[in-house]
Amino acid sequence: MKFNDLDLNAKKELNIQINEYANSIGGINFFLQMIEDVRAEKPSALLNKTAIYHYKNGKITWSKSIYKDTLTLLFSAMRKEDKDGDILNGLNPKVYKETMNMMRTLKPVTLSISSEDNTVGFTVDILDSSEPKKTKVDLMFKIIFFYNIEFAKDALSFKA
């Protein structure tokens, strides 16, 4: 997905939200550095068994360990959501069951991101279930762990 594909209201809301999050951990440069550090980590930072990932200027913590199979399913669900607009539509029964189990596993997981000097920071859910029967992968989670860094730069520098 590209930032320019979003409608004007979504761009405005995302710009406000991402700037608030960036300022809560020290500013835009710290936010972009965090994204680069997360992306450079191989295997994924989310696979740390301790459920803590230390990046250059702070740390990300989450409530329980995430396994490789679950993370792989999450990334394929994200790709499907970006392409089709829905995680579950058109899946065969076996993949549907696996995807539902992945969603049940990740629904309660919240990532807490804070900077070194323990400023306020922010939290991000992996799954967004604000609409009933329409669970999606949270956009901020996608920006930090999945989308190209240019998406975050565009969102941060957007002027209405």
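Parameters at a glance
Here the residue index of a chain counts from 1 through its sequence in written order. The model is predicted, so local features are restricted to residues of pLDDT at least 70 and side-chain atom pairs to those at 80 or more, both for listing and for counting; the totals for chains, interfaces and linings are taken over all residues. Just so you know, side-chain values use all the structure's heavy atoms and leave hydrogens and water out. Joining through side-chain atoms within 4.5 Å is the link that ties buried Ala, Val, Leu, Ile, Met, Phe, Trp, Tyr and Cys residues into a set, and such a set is a nonpolar core. Only protein chains enter the accessibility calculation, which uses a 1.4 Å probe; a residue whose area is less than 20% of its type maximum is buried, one above 50% is exposed, and one in between is partly exposed. Should any heavy atoms of two residues lie within 4.5 Å, those residues are considered in contact. Every helix listed is a DSSP run of H or I at least four residues long, and every strand listed is a run of E at least two residues long, numbered separately from the N terminus. Working convention for charge: Lys and Arg count positive, Asp and Glu count negative, and His plus the chain ends are omitted. When a carboxyl oxygen of Asp or Glu is within 4 Å of a side-chain nitrogen of Lys or Arg, the pair counts as a salt bridge. For this analysis, a polar contact is any N or O atom pair within 3.5 Å, provided that within protein one partner can donate a hydrogen and the other can accept it, and provided that sequence-adjacent residues contribute only side-chain to side-chain pairs. At least two bridges found by DSSP between two strands is the condition for calling them paired. As a rule, the C-alpha atoms of each element are fitted with a line to give its axis, helices using only the stretch in contact, and angles between N-to-C directions run from 0 to 180 degrees. The reported arc concerns the directions from the helix axis to the C-beta atoms and nothing else.

K.L.:
Before we move on, can you summarise the nonpolar core with the specific residues and values?
P.N.:
Ranked by size, the top nonpolar core spans 51 residues in total, and within it F31, M34, I60, L74 and F141 carry the most contacts. Dropping the residues within four chain positions of it, L74 is found in contact with M102, L106, I126, L127, V137 and F141.

K.L.:
Would you mind going over the side chain of D37 in detail, with residue names and values included?
P.N.:
Among the secondary structure elements, D37 is positioned in helix α2 (residues 28-40). Buried within the structure, D37 lacks any salt-bridge partner; its nearest side chain of opposite charge belongs to K56, at an N-O separation of 6.7 Å. At a separation of 3.0 Å, a polar atom in the side chain of D37 contacts the main-chain amide nitrogen of K56. Beyond its immediate chain neighbours, meaning those up to four positions away, D37 contacts Y53, Y55 and K56.

K.L.:
So what's going on with the sheet that holds strand β3 (residues 110-115)? Which residues, and what values?
P.N.:
Read across the sheet, four strands follow the order β1-β2-β3-β4 without closing on themselves; strand pairing throughout is antiparallel. The sheet is open, and its two edges are formed by β1 (52-55) and β4 (122-125), each paired on a single side. Across the sheet, the axes of successive neighbouring strands diverge by a mean angle of 20 degrees, strand direction being ignored. One ladder, built from four bridges, connects β1 with strand β2 (residues 58-62); its direction is antiparallel. When the bridges of β2 are listed, H54 appears paired with K59.

K.L.:
Now, about the pattern of salt bridges: what can you tell me, with residues and values included?
P.N.:
Per the stated rule, a full pass over the model turns up five salt bridges. Among the salt bridges present, the one from E81 reaches K142, with a minimum N-O distance of 3.5 Å. Highlighted residues: E81 in helix α3 (residues 68-84) and K142 in helix α5 (residues 139-145), separated in sequence by 61 residues. By the burial criterion, E81 is buried, and K142 matches it. The closest approach of N and O atoms between K142 and D82, which form a salt bridge, is 3.1 Å. Of the two residues, K142 sits in helix α5 while D82 sits in helix α3, which places them 60 residues apart along the sequence. Salt bridges sharing common partners tie together E81, D82 and K142.

K.L.:
Just give me the short version of helix α6 (residues 149-157), but keep the residues and values in it.
P.N.:
In an α-helix, one turn spans 3.6 residues, which is why side chains three or four residues apart end up on the same side. All buried positions along α6 are accounted for by I149, F151, A152, A155 and L156. Buried residues of α6, seen end-on, are gathered within an arc of 155 degrees and therefore sit on one face of the element. Where α6 is buried, its residues contact α1 (8-24), α2 and α5. Between the side-chain oxygen at the start of α6 and the backbone nitrogen of E150 there is a gap of 3.0 Å, and the oxygen is on N148.

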